[in-house]
Amino acid sequence: MNKRTCLYDKHVALGALMQPFGGFDMPIQYTSIIDEHNAVRNHVGVFDVSHMGEIIISGHQAEEFVNHIFTNDVRKMKPGDVMYGMMCYEDGGTVDDTCIDMIEPNRYFMTINAANIDKDNDWVHKQAEDYDVVVCYKSDWWNQLAIQGPEAEKTVTEVLHLPVSDLNFYQCKEILRFDSGVLVSRTGYTGEDGFEVYGDKEYIRDAWDRLMKAGVTPCGLGCRDTLRFEVGLPLYGDELSKDISPIMAGLSHFVDFDKPEFIGKEALLKQKTEGVAKRLRGIQLDDHAVPRHGYKVLQDGKEVGEVTTGYRLISADKSCAVALVDSSLKLGDRVEIQIRKKTFPGTIVKKRFVDTHYKK
């Protein structure tokens, strides 16, 4: 039986289409993916992302340990900073991508993908065996809302009464509300300004009710995927996996090769210096055909890769895909995507198809 978030009954009451995702029964849409997508791009929407996992790492060697398992360099962080990066295997394959919040020196808050919770938790605990750290799996306590869109700051301030105007992009802070600890970060997965709000079940249920009463659009995982895809954000299992490294995914700017050893550094450095056989590229089709995960990419009749994600964009009048293709392909090259028995021509382009609108 799938797990349920603390808001499951509220999603059902709103008539949401519920489907399994990452071991949870989650809302895919309430009214339509297009309406919810446009609400986030133009106004504000709220997502229940309580299915995500949370791990707190603390102790005397917490900084050293997190730096050992994380591709980015947490030594550059100060309390209140958030940093994105990956955890990798020794061969450079990706365990997961994650955001790490530095709450205070030697205390870090890690958010992990729902489908990877058990795997990640086991892996982090195993790596911690030789370090003076405490690794606490806290997903059963923390729940999470993502309030996203150009009106997000106004909404979080006026509806949830959380003081967030002082937060810059990729900053966080702890707030005490209703005798419950609340963590707020100015982050998200949509390409828009927004906040991720963490709290206990009682707080998150109350916050959801306040947002619904204020007329904020509830959004499902359907538009969460269309939003992140348009702005080139990766989804684990599609654009990152144990077989797709950060270098192959074009995320080398989140790998700090100047810091001391970290898991996967040698393999990733080799990929960076010697090149990789495959890498992720964007493809814009000439017409309105819709590419899907697993469809073949061809050049002059020869298979050169396959699609990881594809959509008819909601925010722009074009059909696009991200595909893992031969690294010899470069921007401007012409390819075809095989959709059933036909092929549709397109051009290699950058993976970000729509501009982001984060707070500067």
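Refer to the structure presented above.
Nothing here was measured: the structure is a model prediction, and the numbers come from that model. (Residues numbered from 1 in each chain as written. Predicted model: local features only at pLDDT ≥ 70, side-chain atom pairs only at ≥ 80, totals over all residues. Heavy atoms only, no water.)

Q: Residue-level account of the pairing of strand β17 (residues 319-326), with values.
A: Counting buried positions over the eight residues of β17 gives eight, a clear majority of the element. One ladder, built from seven bridges, connects strand β14 (residues 278-285) with β17; its direction is antiparallel. Paired with Gly282 across the two strands is Val322, which belongs to β17. Where strand β16 (residues 302-312) meets β17, seven bridges bridge the pair, whose relative direction is antiparallel. Residue pairing in the sheet places Val307 in a bridge with Ala323 of β17. A loop of six residues connects β16 with β17, the two strands running antiparallel in sequence. (Buried < 20%, exposed > 50% of the residue type's maximum accessible area, 1.4 Å probe, protein only. Helix = DSSP H or I, 4+ residues; strand = E, 2+ residues; numbered from the N terminus. Pairing = 2+ DSSP bridges.)

Q: Please provide a residue-by-residue account of the nonpolar core, values included.
A: Counting 33 residues, the largest nonpolar core has Phe109, Leu183, Phe229, Leu240 and Leu268 as its most contacted members. Counting only elements with at least two residues in this core, the list comes to β5 (82-88), β6 (94-104) and β17. Broken down by element, this core gets its largest block of residues, four residues, from β5. In this structure, Ile147, Val182, Val184 and Leu211 belong to the second largest nonpolar core, which totals 28 residues. (Core = buried A, V, L, I, M, F, W, Y, C linked by side-chain atoms within 4.5 Å.)

Q: Which residues make up unusual backbone geometry, and what values go with them?
A: Unlike most non-glycine residues, His161 shows phi in positive territory, near 55 degrees. Inspection of the secondary structure puts His161 in the loop between α5 (152-158) and β10 (172-177). Positive phi values are uncommon outside glycine, yet Arg340 reaches one of about 55 degrees. Within the secondary structure, Arg340 sits in the loop between β18 (334-339) and β19 (342-349).

Q: Please set out the pattern of salt bridges residue by residue, giving values where relevant.
A: In the structure shown here, the tally under the stated rule is 22 salt bridges. For Asp73, the salt bridge goes to Arg75, with nearest N and O atoms at 2.9 Å. Assessed through its relative accessible area of 3%, Asp73 is described here as buried. Since its relative accessible area comes to 44%, Arg75 is described here as partly exposed. For Lys76, the salt bridge goes to Asp256, with nearest N and O atoms at 2.7 Å. Note that Lys76 is positioned in the loop between α3 (62-69) and β5 and Asp256 in the loop between α7 (221-230) and α8 (265-274), a separation of 180 residues in sequence. (Salt bridge = Lys/Arg side-chain N within 4 Å of Asp/Glu carboxyl O.)

Q: Requested: an account of the sheet that holds strand β13 (residues 217-219), with residues and values cited.
A: Sheets are built from strands that pair by backbone hydrogen bonding, the pairs being arranged parallel or antiparallel. Pairing is mixed in the open sheet, where six strands are placed in the order β10-β11-β12-β9-β3-β13. Taken across any chain shown, the strands that pair with only one partner, and hence form the sheet edges, are β10 and β13. Looking at each pair of strands side by side, their axes are set apart by 25 degrees on average, direction ignored. Direction of pairing for β10 relative to strand β11 (residues 180-185): antiparallel, over a ladder of six bridges. In the strand pairing of β11, Leu176 is matched with Gly181. Along the sheet, helix α6 (residues 201-213) contacts β3 (45-48), β9 (143-148), β10, β11, β12 (194-199) and β13; its crossing angle with β9, the most-contacted strand, is approximately 25 degrees. (Axes fitted to C-alpha atoms, helices over the stretch in contact; angles between N-to-C directions. Contact = heavy atoms within 4.5 Å.)

Q: Could you give an account of α8, with specific residues and numbers?
A: The set of residues buried in α8 consists of Lys265, Ala267, Leu268 and Gln271. For α8, the buried positions fall inside an angular range of 165 degrees around the axis, keeping them on one side. Exposed side chains of α8 directed beyond 90 degrees from the buried face belong to Glu266, Thr273 and Glu274. The secondary structure elements touched by the buried residues of α8 are β5. (Arc of directions from axis to C-beta.)

Q: Got a sec to walk through the state of the cysteines? Specific residues and values, please.
A: The final tally for this structure, using the stated rule, is zero disulfides. Here Cys172 is not cross-linked by a disulfide; its sulfur's nearest cysteine counterpart is in Cys99, at 10 Å. Among the cysteines around Cys223, which has no disulfide bond, Cys219 carries the closest sulfur, lying 4.2 Å off. (Disulfide = S-S within 2.5 Å.)

Q: Break down the environment of Tyr8 for me, citing the residues and quoting the values.
A: With respect to the secondary-structure elements, Tyr8 resides in helix α1 (residues 8-13). Remark: the alpha-carbon pair of Tyr8 and Phe353, spanning 345 residues in sequence, is separated by 33 Å. Contacts of Tyr8, omitting those with residues within four sequence positions, involve Met18 and Asp25. Only 3.5 Å separates the side chain of Tyr8 from the side chain of Arg4, close enough to count as a polar contact. (Polar contact = N/O pair within 3.5 Å; in protein donor to acceptor, adjacent residues only side chain to side chain.)

It is worth stressing that arrangement in space is one thing and function is another; only the former is reported here.
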